[in-house]
Amino acid sequence: AQKVTQAQTEISVVEKEDVTLDCVYETRDTTYYLFWYKQPPSGELVFLIRRNSFDEQNEISGRYSWNFQKSTSSFNFTITASQVVDSAVYFCALRRGANNLFFGTGTRLTVIP
Amino acid sequence: EAQVTQNPRYLITVTGKKLTVTCSQNMNHEYMSWYRQDPGLGLRQIYYSMNVEVTDKGDVPEGYKVSRKEKRNFPLILESPSPNQTSLYFCASSLSRGAAKEQFFGPGTRLTVL
């Protein structure tokens, strides 16, 4: 069975602090894809990254970085030098089946100025 | 502009009054899907469609219907809405079922059933 766990329901940090959002997944598939989406207060869902199970290289995009570790079934997301605009709900998701996404319950990040 | 549109964005209705939420994409995507978002539960899939005239149930299909008569449109139908269907609904589309492309989401429809 597929499962995505985001144990951190809410996180608050002070601006410029680094913050890591955890994502742990379960799947029996050998080939799978993981995603992160951002949902700002305006409500839309913004795609951040896709990672396939064969690529364990960490990825960095500006202040964002992702750490994928198959050994621990984790796909964690770090924001460096957080900003108020990073305040949002962040969802980790696992692709299952043809193209269906199974979402975690989300982590609400609040960056305090 | 490539986008997924949903209408209406906000809807308040009463129990039992049939309603349709429309979803349209202009990217020629094969795959489309509906999700509902509830506090503490994340997004859960309602129905999805691999292509025209091909639809299938997701995790929470009860109380919903869909149709896919055209590639660009994927309406969500609530024949007899109930208060437990009060939620935020998202439509999504992606290019191909096998390519694990990212899904593009519509802006969401906030539905309240009284």
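Data block above holds the structure.
Attention in this report is confined to the structure presented alongside it.

1. Digging into the interface of chain A and chain B
Facing 19 residues of chain A, the contacting portion of chain B comprises 23 residues. Both faces combined, the contact of chain A with chain B buries some 1,700 Å², and carbon together with sulfur accounts for 50% of it. Our count for the contact surface shared by chain A and chain B stands at 1 salt bridge. The salt bridge involving A:R50 is made with B:E102; its shortest N-O contact spans 2.6 Å. At the surface where chain A touches chain B, the tally comes to 4 residue pairs in polar contact (both at pLDDT 80 or more). For the side of chain A that touches chain B, the elements supplying multiple residues, two or more each, are β5 (33–39), β6 (46–52), β10 (88–96) and β11 (100–103) of chain A. Each residue belonging to the side of chain A that touches chain B can be placed in one class, and the counts come to 10 nonpolar, 6 polar and 3 charged.

2. So, the sheet that holds strand β3 (residues 19–25) of chain B
The strands that make up a sheet pair up through hydrogen bonds in the backbone, lying either parallel or antiparallel. Residues and elements named next belong to chain B. Read from one edge of the open sheet, 4 strands run β1-β3-β8-β7, paired in antiparallel fashion. Edge positions in the sheet fall to β1 (4–7) and β7 (65–66), since each has one partner strand and no second. Bridge count between β7 and strand β8 (residues 76–78): 2 bridges; the pairing is antiparallel. Counterpart to K65 in the pairing with β8 is I77.

3. Observations concerning the nonpolar core
In this structure, A:W36, A:W66, A:F77, A:Y90 and A:L109 are the most contacted members of the largest nonpolar core, which totals 24 residues. Of all the elements, β10(A) adds the most residues to this core, at 4 residues. Apart from residues lying up to four places away in sequence, A:F77 is in contact with A:V19, A:T20, A:L21, A:W36, A:L48, A:Y64, A:S65, A:W66 and A:Y90. In terms of nonpolar packing, the next biggest core, distinct from the first, is built from 19 residues, B:V4, B:V21, B:F74 and B:Y89 among them.

Rules used in this analysis
Residues numbered from 1 in each chain as written. Chains lettered and ligands numbered in written order. Predicted model: local features only at pLDDT ≥ 70, side-chain atom pairs only at ≥ 80, totals over all residues. Heavy atoms only, no water. Contact = heavy atoms within 4.5 Å. Buried area = accessible area lost by both parts, 1.4 Å probe. Salt bridge = Lys/Arg side-chain N within 4 Å of Asp/Glu carboxyl O. Polar contact = N/O pair within 3.5 Å; in protein donor to acceptor, adjacent residues only side chain to side chain. Helix = DSSP H or I, 4+ residues; strand = E, 2+ residues; numbered from the N terminus. Nonpolar A, V, L, I, M, F, W, Y, C, P; charged D, E, K, R; others polar. Pairing = 2+ DSSP bridges. Core = buried A, V, L, I, M, F, W, Y, C linked by side-chain atoms within 4.5 Å. Buried < 20%, exposed > 50% of the residue type's maximum accessible area, 1.4 Å probe, protein only.

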